[in-house]
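Reading the structure
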Amino acid sequence: MWPVLPSGQLNEDFDWPIEGLLVPNSPPMKKPIHKTPEQYVPMKLRVLRNGDKNKSRSLITICPEISSKTQNVNPERKEKICVAKNSEMEINETEFHHFLERCTEILKLPSAARRLFNEKGKEIFSLKDLQRDELVYVSCGEQWINPDQSIAQQKKQIFLRNLASDISKIQTFCSLRKEETLVLEVQSDIMSGSKLAVNKPRAIFGEEKQVEEPEEQQKQNNALTTANASSEILDSHARAHLRMEACHTVVRYAWQDTSQDFDEDVSLPKKMEELFENVKPQMKHSHSPKYGKLQKISRQQFEYRDGQIISYAAPQLVLGLQSSNLHSGMEVILVEKKSDDNHQRWIHKEDSRTFHLASNPDLVLAVSMTKTRNEACGYPVIVQKYKPYNNGTANQKWHYMENLKTFMAFYSTALNKEITLANFAGICTSSVIKRENIDQPGYYYLSAGGKRKMMLCLACGQYLRAEKRLKQLLPGVPFLCASGSDTQKPLSQGPFKVISVAKADLSSCEADKTLSYYEERLLSLRTKTCMQAVCHSGMAATHQTAVKIIAYRNGDGYRNGKLIVAGTFPMLLTECTGQLGLSRSASKVYTRDGTTIFTLHDLVLWAVNESFMKRDSEEQKTGLTPVGTEEITAKKNSRMKLRDKLLPGSVKSDSLDSIDKSLLTLILRNPVAVWVSCGEPFIPPNALQKAEKLEKQNWLKKDKILADLDTMKHKLRQLKGRRVAARQPATMVPTKSPVQPVVVEGGWTEQTQEEIKLMELIRHTEAHLSEVQELQSKQNSPVATVRKAVQPSSLYKQPNTKRVWVYLNGGRPEDGTYAWGRTITELLDDCSSHLKMTQPARTLYTPDGVLIQSWDDIERDMVICVSTGHGFITQKELKQVVEVRANYARIRRQQGPQATDLVVSPSMKLLSLVHLHN
């Protein structure tokens, strides 16, 4: 039961508890219209290619219905099998993928179908949202192409999208080239288990007066200041060790003071000395304003001694790996120092400027270039397989500056850095280096005659892996990527879709000019295309004015709004995607009441209608004052006449020309609030505030119960203390029983009635507290977990969070990472974020392929395979599927579509046997 409004909608603002009456002999509820024993009728749809104008060429396709098959199971076992293994969301997703596979075969698409749109261009994510005999458009992954537009306009839109994709790669490369010096640091507080990253160096600027002191006294001051700086980071035991070390002078011999040497081909920034000249903490200034900066600087100070990289602020913590199962891609963390652990020891090779792990010298300390950088945390630090190439390995090069206690990353030549960044951004290396053979990682394949060996860089190899049989190049083979050669026309574009690699000069002095040229070119082409589209539709471009909008991310409520001024709807979606930092392109825009906006024209009409509704409501509020009815009626009539005059035909009219321009300017003076999503349904803005308010109320209620419980226990201790301190003697009561003639009653050893009542009240309060906590846990997680009653007197409570090792379905367990969670839902969400999955995680399997359905089946440090809803598949099976698809696409591309149309006929022996039997 839930209260509803007179219109029939749910009243979400209603506050429990509810008051009412239970009426006996009430009439029965209405029976559902649909009958359960009715036979299932499959739904058919009409499908067309994306952008196809001729609707007569549409083909009829029957939608697969997996849910109907599961309904015919034995009713006694239906709940055990269907409900446990197949949720409704998984069934809908499976049906959707089967339908796309059918569309790929029927429409003979060049690649697999991936997206579905209706006639209005709205993307469809489930077949339940469609009607029978509805026309849908199938896409191979590209965005919606309006079939009403001409073929030339469609080609222009596709060209602009491809050009924008190429420019984004160049922007990524140019932004990474401008990165300043990066040094090793701890992401969070200095403690065991903290992750490492590389970030910009932090230093204290400004002139300071330094007091000249003896050398021994200065060392003691530095040690004491280090202890003060890390007082909020370390525990009391560690701080005591630091104070003891500060009492003893550290004697250094002359041979221990090594001079700083640099390579000839490495350019160390001159600002490094200036940045770290004030890094050493000053004495007796732990409470100064610069203490916060000193605490941050201490995260970037390390010392390489005895084969270990030691934290300068916490000498008992070193860089290392916890797991015994070492693999490339594991994150490096701070661990407690152990002398016999080879996972904490690093071998520094000065000739290659790398730090090799002592337990596995093939793994080196490296900067992860596969994850997007976080401005606050920087790039994560991992162990990576050593690459013996001269270029493209700058993320594995380090330099230890002993005088500054700092590890500087990307300590290599400028060419090595540019090749590394080009591989990360997906740009052909021949654009960075013009007609020069260099040693770099890459692939090769043999030409059609098998005489020539065509060599490709990493970006071009990933682009052509579906067309060619590629093999990895061995180190020590200098080459220039074949995409940069003028003779190779099929490879002239390389990883780009529109821009030619030969014309894209991204060298050190020409990269910024090339980027600005293509950005201006894209802007001019977009302006021309928008003007032509407006003129083609018969609308004057001068009448479409820019609209000010405050864009919020869907689900964030009124947080982090961005002011955007857009003249067209595609421009609005592009600006929202960039400024809001969406993971995918923005596709849906909602207003405050959940209305979906498809054009700026609809948004302006909604704003006009909303302004009139707001004024009417304000007028009704002011009309409650004791004013004559004639005045109120006259005021309403004049208001209606003014509205009809300014907005004839209501806001549903297709043109804004009838609205007064001054009134329209006044309405659009304030920005319109919209909520942008990547295709997800609308989430009300106040939903987040309601959830936070309810959670705050629950916590306040829990705090009040805990406070009352502590008060009652304190009162009980006071009563017991007074009874024991009084030591009142007991009374001897005579009885007639020969077994026990005298009974002892009362006295200071017996509890009073007040204490007994207070103990009973404490027990009831503790039971109520456990019920409240169990209710909160059920609200936070859909999976019910068994929780014990909380004992406030306990000093530590073991958490229910479990850490597991997860990897993608079809991948290797060595390429996985750690994930945490208290329930299956939390674990799936954490897997989606840590594994950087394009779709949310939905299913968990063991390495043997057994489906995990209960939280009790998951153990700590367990290896789990994560899937997006597909069945379990091994890496070998995935490679076979990819190879089959690549061969299929390659044969169709080289020999034509008819090459895959095979007809199997029976053998002559089988036909002869059939004739003999007949």
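Refer to the preceding data block for the structure.
Residues numbered from 1 in each chain as written. Predicted model: local features only at pLDDT ≥ 70, side-chain atom pairs only at ≥ 80, totals over all residues. Heavy atoms only, no water.

1. Observations concerning the overall build of the protein
To keep things clear, this is the line we draw: For the purposes of this entry, the term helix denotes a DSSP run of H or I that reaches at least four residues, the term strand denotes a run of E that reaches at least two, and both are numbered from the N terminus. A simple rule labels every residue: compare its accessible area, found with a 1.4 Å probe on the protein chains alone, to the largest value its type can have, and call it buried under 20%, exposed over 50%, or partly exposed in between. It only takes one pair of heavy atoms within 4.5 Å for two residues to be counted as in contact.
Secondary structure assignment for the protein yields 20 helices and 30 strands. Evaluated residue by residue, the protein yields a buried proportion of 36% over its 918 residues. Counting contacts in the protein only where the partners sit at least 6 residues apart, residues at least 24 apart contribute 63% of the total.

2. A few points about the packing of helix H4 (residues 151-177) against helix H9 (residues 414-425)
Rules: Axes here mean lines fitted to C-alpha atoms, for a helix over just the part in contact, with angles spanning 0 to 180 degrees between N-to-C directions. Left-handed describes a crossing whose near helix is turned anticlockwise from the far helix through less than a right angle; right-handed describes the clockwise counterpart. Each residue gets one of three labels, nonpolar for Ala, Val, Leu, Ile, Met, Phe, Trp, Tyr, Cys and Pro, charged for Asp, Glu, Lys and Arg, and polar for the others, Gly among them.
Contact geometry of H4 with H9 gives a least axis separation of 9 Å together with a crossing angle of 145°. In this structure, the crossing between H4 and H9 has a hand that is right-handed. Taking contact as the criterion, the partners of Lys169, Thr172, Phe173, Leu176 and Arg177 in H4 are, on H9, Glu418, Leu421, Ala422, Phe424 and Ala425. Each residue belonging to the contact of H4 with H9 can be placed in one class, and the counts come to six nonpolar, one polar and three charged.

3. Focus: the pattern of salt bridges
Let me state the cut-off plainly: Salt bridges are identified by distance alone: a Lys or Arg side-chain nitrogen within 4 Å of an Asp or Glu carboxyl oxygen.
Per the stated rule, a full pass over the model turns up 18 salt bridges. Among the ionic pairs, Glu883 bridges to Arg469, the shortest N-O distance being 3.3 Å. Here the residue Glu883 occupies a position in helix H19 (residues 875-895), and Arg469 occupies one in the loop between helix H10 (458-463) and strand S19 (471-472), the gap between them amounting to 414 residues. Across the salt bridge formed by Arg822 and Glu826, the nearest N and O atoms sit 3.3 Å from each other.

4. Regarding the packing of aromatic side chains
Operational definition: Here the aromatic set is Phe, Tyr and Trp, taking the six-membered ring for Trp, and pairing holds for ring centres within 6.5 Å; pairs whose planes are under 30 degrees apart are stacked, those over 60 apart are edge-to-face, and all others are tilted. We count a charge as sitting over a ring when the NZ of a lysine or the CZ of an arginine lies within 6 Å of the ring centre and within 35 degrees of the ring normal.
Going through the model one piece at a time under the given rule, you end up with 15 aromatic pairs. Both rings, one in Phe302 and one in Phe407, keep their centres 6.5 Å apart while their planes meet at 75°; by these two values the pair is edge-to-face. Taken together, the residues span a long stretch of sequence, with Phe302 in strand S7 (residues 302-305) and Phe407 in strand S16 (residues 406-409) at a distance of 105 residues. Both residues of the pair, Phe302 and Phe407, count as buried. The ring of Trp748 carries the charged tip of Arg727 above its face, separated from the ring centre by 4.6 Å.

5. Considering the nonpolar core
Applicable threshold: Here the nonpolar core consists of buried residues drawn from Ala, Val, Leu, Ile, Met, Phe, Trp, Tyr and Cys, with membership extended through side-chain atoms lying within 4.5 Å.
Ile170, Phe173, Leu319, Trp346 and Trp398 are the most contacted members of the largest nonpolar core, which has 67 residues in total. Here this core gets seven residues from one element, more than from any other, and that element is H4. When sequence neighbours within four positions are dropped, the list of residues in contact with Trp346 reads Tyr304, Gly307, Ile309, Leu319, Val332, Phe355, His356, Leu357, Leu365 and Val383. Of all hydrophobic cores here, the second largest spans 29 residues; its members include Ile549, Ala586, Val604 and Leu663.

6. Considering the sheet that holds S19
Just so we agree on the cut-off: DSSP bridges decide pairing: two strands pair if at least two such bridges lie between them.
The antiparallel open sheet is built from three strands, whose spatial order is S18-S17-S19. If you trace the sheet from one side to the other, it starts and ends with strand S18 (453-457) and S19, each paired once.

7. Here we look at helix H3 (residues 88-107)
Definition in use: What a helix is expected to span follows from its residue count: subtract one and scale by 1.5 Å.
For H3, which comprises 20 residues, the first-to-last C-alpha distance of 29 Å matches the rise-based estimate of 28 Å (1.5 Å per residue) to within 8%. Within H3, burial applies to Glu90, Ile91, Asn92, Glu93, Glu95, Phe96, Phe99, Leu100, Cys103, Thr104 and Leu107.

8. So, unusual backbone geometry
Located in the positive-phi region is Asp133, a residue other than glycine, with phi close to 65°. Relative to the helices and strands, Asp133 resides in the loop between strand S3 (115-117) and strand S4 (135-139). Non-glycine residue Lys836 carries a positive phi angle of around 55°. Checked against the element boundaries, Lys836 lands in the loop between helix H18 (824-834) and strand S29 (843-845). Residue classification places Lys836 among the exposed positions, given a relative accessible area of 58%.

9. Topic: the pairing of strand S27 (residues 802-808)
Of all seven residues in S27, five are buried, a share of seventy percent or more. Sheet analysis places S27 next to strand S28 (residues 817-821), joined by five bridges and oriented antiparallel. Residue Val806 lies in a different strand from S28, and its bridge partner there is Thr817. The pairing of S27 with strand S30 (residues 863-867) spans four bridges and is parallel. Opposite Val806, over in S30, you have Ile864 as the bridge partner.

10. Regarding helix H16 (residues 686-726)
Between its first and last C-alpha, H16 extends 60 Å over 41 residues, near the 60 Å set by a 1.5 Å rise per residue. Looking only at H16, the buried set comprises Asn698, Lys702, Ile705, Leu709, Met712, Leu716, Leu719 and Arg723. Trailing H16 by a residue or two, Arg727 shows a phi angle of about 50°, which is positive.

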